[in-house]
Amino acid sequence: MKKLCLLGLFVSLASHTVLAATTPAPIENKDAFISNLMKQMTLDEKIGQLRLISIGPEMPREMIRKEIAAGNIGGTFNSITRSENRPMQDAAMRSRLKIPMFFAYDVIHGHRTIFPIPLALASSWDMDAIGRSGRIAAQEAAADSLDITFAPMVDISRDPRWGRTSEGFGEDTYLVSRIAGVMVKAFQGTGANAADSIMASVKHFALYGAVEGGRDYNVVDMSPVKMYQDYLPPYRAAIDAGAGGVMVALNSINGVPATANTWLMNDLLRKEWGFKGLAVSDHGAIFELIKHGVARDGREAAKLAIKAGIDMSMNDTLYGKELPGLLKAGEIEQKDIDNAVREVLAAKYDMGLFKDPYLRIGKAEDDPADTYAESRLHRAEARDVARRSLVLLKNQGDTLPLKKTAKIALVGPLAKAPIDMMGSWAAAGRPAQSVTLFDGMTHALGAQSTLIYARGANITDDKKILDYLNFLNFDAPEVVDDPRPANVLIDEAVKAAKDADVVVAAVGESRGMSHESSSRTDLNIPGNQRELIRALKATGKPLVLVLMNGRPLSILEEKEQADAILETWFSGTEGGNAIADVLFGDYNPSGKLPITVPRSVGQIPTYYNHLSIGRPFTPGKPGNYTSQYFEDTTGPLFPFGYGLSYTQFSLTDMALSSTTLNKTGKLDASVVVKNTGKRDGETVVQLYIQDVTGSMIRPVKELKNFQKVLLKAGEQKVVHFTITEDDLKFYNAQLKYAAEPGKFNVEIGLDSQDVTQQSFELL
Ligand code: NOJ
């Protein structure tokens, strides 16, 4: 997907007195080195460092290099090869002070090898696998001369209408926080200064996932307790794990845009959390302060942003244009600019660029002969991570795994969709290198393959939606449309189904439907695909749905129609092979939902850890003045934490080591988990805790820990969790983080709903 280059690029800065060079401070002493450098910088050179520009194919390289050599640009993003970035670094080395550039990119779920989208990675609940995906992404990106990524994206998303749900790790604070830390450590490896590491820049700070109505870029209005308790911890976890950067969110928070929010950027991030890294605005966000209605003009926008502590401005020219005048007029102070410059230089220092500006660019003679070479991909790792991220939602009558000897009809618009397989934000991934479901099943079946393929339906029959999805793609339409009438496509698929023993239908969303600016008003599979599913069901053949989508879909009708459902999200370069591994039983699925699947869009929000209420719904007692929607069954279609396996697991003998816990003590919660089926398999044992009575209303339950366990057929194991006072703490009305004595329920389950419970008292 291409990015829009919004703004005019070049600002010419008035020249200022050139300062004399002083004796350089030893590079080992970071603070002294940077202070010394700053003493030599002119105002223009300082402001130049605050400018981050996007490099589009249309941009005049010569001109950019001139600007860099003049000290007017601090870093770029979207230029992603060594040969593209080397001349820019050369230009920086020709600048007066030879301050290196850094090169950034959105490496979100892989760089050249595309791993499953973040929502899918979270579905693995497998911290090793997630970490491996991040490490490989960093290695590949660093080998392509990149120094920093705008990731991880750790916005909690509880409204799947929001298209960027696909980019995050789901609805749960604890799970997302765990993953946030893992991803930062994976990107930064032994340190952001290592040649095979990239700096992590956590985003979008803050609360972007809570945009009103799930509509992208909308406002966020949230109580402080909810922020502290539910939405802020993942960013904090990323920062505590050492993230060198933060990208500031496009949304406003309680009436103040994040980009102008001194409470958020200064009081919370820097003072309370002690963040010492680089704060980058999102694309054009400083300029957007005018549209938000908090800045009269560009001058005021620049002032608000620099005062709030936005160090670098992404792709707008306001800092360059306005900061000198604002300084002269005394509306900002020199220290406002200096603080920002110091952070930029410190980040470059931490990336190892002052020691070696070519650390990740390397020597020209070592450049890969072919950037896209197969040998640069990590296919085996991508396949392994992808299959761990697949979630089996239904498997009636053991429809799955499929027999390789069966005659299979493969239908649906996503069966041969290499672009969609990668998901959105697919970095430098190439569709031509991604394995479609058709490819994966064909490889798995080998010479004996009797796969019958029919497209069956387009992604959508709605021309307006199609045009929207293809709007940003200039070279080729992203969503390919078969011009034949819908009934012809369906008839062909029905014929294929009738000729087969079993039907596999790859249906769902195109990747652009779950992307930035792709909010939806409903969560159904598009209507024309639903028609296809109905027609397939009518054939009476066993029906397997392979869902591809970037958000939970409310597949109420399809849940009844299908014999088996595999949620595959968008599973990356090796997606087709990974899905085939599961379909044919070469891998036993072990994924669990990191987000609740609602029955309908009208039920939103459906997150599992909602606050207790005075009139909770009582199952089996309709119309009794309890909290429910009377037209539909209450409760989710599939709960958070849910996912099946080809084997079965039982949980028995849950025990707490004591019925009381001292503030300084420990409690052991244990359960016997047994693989009662006939195949080896993995499952996720989940620990939830409820604070029954508190000074404030507490959630009905909260995930506090989990373990992914592998058990051979018939094997059993005792799983232990340690509970301490820390697990019981929450932010009270005064935003004090403390545990309160009283009763706690402990629940252990293989999903958030089906649990066994015991209680203890915190003394
Ligand atoms: C805008 C997006 O909101 C952000 O996530 C991304 O990092 C930047 N564009 C740069 O591509």
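Residues numbered from 1 in each chain as written. Predicted model: local features only at pLDDT ≥ 70, side-chain atom pairs only at ≥ 80, totals over all residues. Heavy atoms only, no water.

### A closer look at the side chain of Glu-300
Using the following cut-off: A helix here means a DSSP run of H or I that spans at least four residues, while a strand means a run of E at least two residues long, and both kinds are numbered starting from the N terminus. Any pair of N or O atoms that falls within 3.5 Å is considered a polar contact. Within protein, one atom must be able to donate a hydrogen and the other to accept it, and sequence-neighbouring residues count only if both atoms are side-chain atoms. Working rule for contacts: check all heavy atoms of both residues, and any pair within 4.5 Å makes them a contact.
Within the secondary structure, Glu-300 sits in helix H12 (residues 298-308). Separated by 2.7 Å, the side chain of Glu-300 and the backbone nitrogen of Arg-296 make a polar contact. Once residues within four sequence positions are removed from consideration, Glu-300 is found in contact with Val-294 and Ala-295.

### What about unusual backbone geometry?
Between Ala-151 and Pro-152 the backbone carries a cis peptide bond, its omega angle lying at 5°. Inspection of the secondary structure assignment puts Pro-152 in the loop between strand E4 (148-149) and helix H7 (173-188). Between Phe-205 and Ala-206 the backbone carries a cis peptide bond, its omega angle lying at 5°. Along the chain, Ala-206 falls in the loop between strand E5 (199-205) and helix H8 (224-231). Even without a glycine there, the phi angle at Asn-78 is positive, about 80°. Here Asn-78 lies in the loop between strand E2 (75-77) and helix H4 (82-94).

### A short note on the packing of helix H17 (residues 437-445) against helix H22 (residues 575-583)
We count it as follows: Convention adopted: a line fitted to C-alpha atoms gives each axis, helices being fitted over their contacting stretch, and angles between N-to-C directions are expressed from 0 to 180 degrees. By the definition adopted for this analysis, an angle is roughly parallel if under 35 degrees, roughly antiparallel if over 145, roughly perpendicular if from 65 to 115, and oblique otherwise. For any pair of crossing helices, the crossing counts as left-handed if the nearer helix is rotated counterclockwise from the farther one by less than a right angle, and right-handed if it is rotated clockwise. Basically, the charged four are Asp, Glu, Lys and Arg, the nonpolar ten are Ala, Val, Leu, Ile, Met, Phe, Trp, Tyr, Cys and Pro, and anything else, Gly included, counts as polar.
Close contact between H17 and H22 brings their axes to 7 Å; oriented N to C, the two are set at 55°. Between H17 and H22, the angle falls in the class oblique. Two packed elements cross with a definite hand, and for H17 against H22 that hand is right-handed. Counted together, Leu-437, Gly-440, Met-441, His-443 and Ala-444 of H17 and Gly-576, Asn-577, Ile-579, Ala-580 and Leu-583 of H22 form the full contact between these two elements. Its residues assigned to classes, the contact of H17 with H22 comprises six nonpolar, four polar and no charged.

### Focus: the sheet that holds strand E17 (residues 649-656)
Either a parallel or an antiparallel arrangement is found when strands of a sheet pair, and the pairing is made through backbone hydrogen bonds. Rule in force here: DSSP calls a pair of strands paired once it identifies at least 2 bridges connecting them.
Taken together, the three strands give an open sheet; going across it, the order is E17-E19-E22, and neighbouring strands pair in antiparallel fashion. Bordering the open sheet on either side are E17 and strand E22 (716-723), each of which pairs with just one other strand. Mean inter-strand twist for the sheet, computed between neighbouring axes without regard to direction, equals 20°. For strand E19 (residues 667-675) and E22, the ladder comprises eight bridges, and the chain directions are antiparallel. Bridge pairing links Val-671 to Val-719 in E22.

### Quick notes on the sheet that holds E4
Here eight strands make up an open sheet; going across it, the order is E9-E6-E5-E4-E3-E2-E1-E10 and the pairing parallel. Of all the strands in the sheet, the pair left with one neighbour each is strand E9 (278-280) and strand E10 (313-314). Sheet analysis places strand E1 (residues 51-54) next to E10, joined by two bridges and oriented parallel. Of the residues in E10, the one forming a bridge with Leu-52 is Met-314.

### Things to note about the site of the ligand
In plain terms, the rule: Nearness is judged by heavy atoms alone; a residue qualifies as near a molecule or strand once a single heavy atom is within 4 Å of it. For the accessible areas, the method is Shrake-Rupley and the probe is 1.4 Å, while residue cover comes only from the protein chains on display.
In the vicinity of the ligand lie 13 residues, with Asp-106, Arg-164, Lys-203, His-204 and Asp-282 positioned nearest. In the model, an oxygen atom of the ligand is placed 2.5 Å from a nitrogen or oxygen of the Asp-106 side chain. Starting from 300 Å² of accessible surface for the ligand in isolation, the protein chains cover 97%. Among the residues making up the shell around the ligand, the classes are represented as five nonpolar, two polar and six charged.

### A closer look at the domain arrangement of the protein chain
Heads up, the condition is: Just so you know, the domain bounds were taken from an automatic or database domain assignment. By buried area we mean the combined loss of accessible area, with a 1.4 Å probe, across both parts when two parts are placed together. Salt bridges, as used here, are contacts in which a Lys or Arg side-chain nitrogen is within 4 Å of a carboxyl oxygen on Asp or Glu.
Partitioning the protein chain into domains gives domain 1 (104-357), domain 2 (401-603) and domain 3 (649-762). Spacing between the C-alpha centres of domain 1 and domain 3 amounts to 32 Å. Each partner contributes to the interface: domain 1 provides twelve residues, whereas domain 3 provides 16 residues. Surface buried jointly by domain 1 and domain 3 totals about 1,200 Å² across both partners, of which 64% is contributed by carbon and sulfur atoms. Our count for the domain 1 to domain 3 interface comes out at zero salt bridges. Across the domain 1-domain 3 interface, the total number found is four residue pairs in polar contact (both at pLDDT 80 or more). Considering every element that reaches the side of domain 1 that touches domain 3, the biggest residue donor is H8, with four residues. The residue inventory of the side of domain 1 that touches domain 3, partitioned by class, reads seven nonpolar, two polar and three charged.

### Comments concerning the nonpolar core
Condition: As used in this record, nonpolar core signifies buried Ala, Val, Leu, Ile, Met, Phe, Trp, Tyr and Cys residues forming a set joined through side-chain atoms within 4.5 Å. When accessible area is computed with a 1.4 Å probe and restricted to protein chains, residues below 20% of their type maximum are described as buried, those above 50% as exposed, and intermediate ones as partly exposed.
In this structure, Phe-205, Leu-232 and Leu-323 are the most contacted members of the largest nonpolar core, which totals 142 residues. The residues contacting Phe-205, other than those within four sequence positions of it, are Leu-232, Tyr-235, Val-246, Met-247, Val-248, Ala-249, Ala-258, Leu-264, Met-265, Leu-268, Leu-269 and Trp-273. Counting 73 residues, the second-largest nonpolar core is a separate cluster that includes Val-503, Ala-505, Ala-535 and Ile-595.

### Examining the confidence of the model for the protein chain
To keep it simple, the criterion reads: Every residue gets a pLDDT, meaning the predictor's confidence in that residue, from 0 to 100.
Summing up the model confidence of the protein chain, the mean pLDDT is 95 and the portion of residues at 70 or higher is 96%. In this model residues 1-16 is a low-confidence stretch, pLDDT under 50, and it forms 50 contacts with partners more than four residues away in sequence or in other chains.

### Structural notes on the pairing of strand E16 (residues 564-567)
Residues Ala-564 and Leu-566 of E16 are buried on one face, and the alternating residues Ile-565 and Glu-567, pointing to the opposite face, are buried as well. As paired elements, strand E11 (residues 391-395) and E16 share four bridges and run antiparallel to each other. By the bridge assignment for E16, Lys-394 is matched with Ile-565. Two elements, strand E15 (residues 543-548) and E16, share four bridges in a ladder whose sense is parallel.

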